[in-house]
Amino acid sequence: MLKVQEIRELIKLIDQSNIDEFCYESNGTKVSMKKEQGQAAAEPVKVQESAPSVSVQEQKSEPAKQEVQEKAEPEEASKSEQQGTDYDAEVTSPMVGTFYQSPSPDQEAYVQVGDQVKEDSVVCIVEAMKLFNEIEAEVSGEIVEILAEDGELVEYGQPLFRVKSK
């Protein structure tokens, strides 16, 4: 199975290349990517085991896309209001999925505003296709802002946290 970092690297390479479509299959894992309007978008990632898998394309629906667009407008307004926030790094989502601040609903959040993190500190989980992916800070410093709400759908590359590095 491919690791999150390997998928990130593939997305970056495809995004920077002239390739419009890419498919990779190995050990029952299939990754397909297709550029749409100049941007690379991760398409279905299927793990073929005993249970039938469901592709990302089947889970996408028009109302979900509209909801994301509606949420993006207030974020733009809040970003312009918060430009005075002191940060120099952002932790972004490596994939499309659902953002969770804690490992389970009855446990505390991985990080809060004001917490110190290291490069390998887990800051949240992004669930994609029933797989819970731990997201690491990849920068050392203090969390100054949490940009996503618990249970919110996040996009590839969407900022999740702002960090003031040491």
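Described below are features of the structure shown in this document. (Residues numbered from 1 in each chain as written. Predicted model: local features only at pLDDT ≥ 70, side-chain atom pairs only at ≥ 80, totals over all residues. Heavy atoms only, no water.)

**Description of the overall build of the protein chain**
At step 1: Along its length, the protein chain carries three helices and 11 strands.
At step 2: Scanning the protein chain from its N terminus toward the C terminus, one meets helices and strands in the order α-β-β-β-α-α-β-β-β-β-β-β-β-β.
At step 3: Across the 166 residues in the protein chain, those meeting the buried criterion constitute 30%.
At step 4: Contacts in the protein chain between residues at least 24 apart in sequence constitute 55% of all its contacts with a sequence separation of at least 6.
At step 5: When the accessible area of the protein chain is evaluated, it comes to approximately 10,700 Å², of which 45% is carbon and sulfur surface. (Helix = DSSP H or I, 4+ residues; strand = E, 2+ residues; numbered from the N terminus. Buried < 20%, exposed > 50% of the residue type's maximum accessible area, 1.4 Å probe, protein only. Contact = heavy atoms within 4.5 Å. Areas by Shrake-Rupley, 256 points an atom, 1.4 Å probe, with all protein chains shown as cover.)

**Quick notes on the sheet that holds strand 4 (residues 89-92)**
At step 1: Read across the open sheet, the four strands follow the order 4-11-9-6; overall the sheet is antiparallel. Sheet topology places strand 4 and strand 6 (116-117) at the edges, where each strand pairs with a single neighbour.
At step 2: Taken together, the five bridges between strand 9 (residues 141-146) and strand 11 (residues 159-165) define a ladder with antiparallel strand orientation. Of the residues in strand 11, the one forming a bridge with I146 is F161. (Pairing = 2+ DSSP bridges.)

**With respect to the nonpolar core**
Across soluble globular proteins, nonpolar side chains have a tendency to be buried as a group.
At step 1: In this structure, F99, V123, C124, L160 and F161 are the most contacted members of the largest nonpolar core, which totals 19 residues.
At step 2: Top contributing element to this core by residue count: strand 7 (residues 122-128), with four residues.
At step 3: Apart from the residues lying within four places of it in its own chain, the contact partners of C124 are F99, Y100, Y110, N133, E134, I135, L160 and F161.
At step 4: Core analysis: the next-biggest nonpolar cluster, separate from the first, contains six residues, I7, I14, V31 and M33 among them. (Core = buried A, V, L, I, M, F, W, Y, C linked by side-chain atoms within 4.5 Å.)

**Things to note about the sheet that holds strand 8 (residues 131-136)**
At step 1: Reading across the sheet, the four strands line up as 8-7-5-10 and stay open at both edges, with antiparallel pairing between neighbours. The open sheet has two free edges, formed respectively by strand 8 and strand 10 (153-154), since each of these has just one partner strand.
At step 2: Summarising the sheet, strand 5 (residues 97-100) and strand 10 pair through two bridges and their orientation is antiparallel. Looking at the pairing, T98 lines up with L153 of strand 10.

**Side note on the pattern of salt bridges**
At step 1: Evaluated as defined, the whole model comprises four salt bridges.
At step 2: Between K164 and D86 there is a salt bridge whose closest N-O contact spans 3.7 Å. Taken as a pair, K164 in strand 11 and D86 in the loop between helix 3 (62-81) and strand 4 lie far apart in primary sequence, 78 residues in all.
At step 3: Among the ionic pairs, R162 bridges to E90, the shortest N-O distance being 3.1 Å. Taken together, the residues span a long stretch of sequence, with R162 in strand 11 and E90 in strand 4 at a distance of 72 residues.
At step 4: Residue classification places R162 among the buried positions, given a relative accessible area of 4%.
At step 5: Residue class for E90 comes out partly exposed when judged on its relative accessible area of 32%.
At step 6: Connected via shared salt-bridge partners are D86, D88 and K164. (Salt bridge = Lys/Arg side-chain N within 4 Å of Asp/Glu carboxyl O.)

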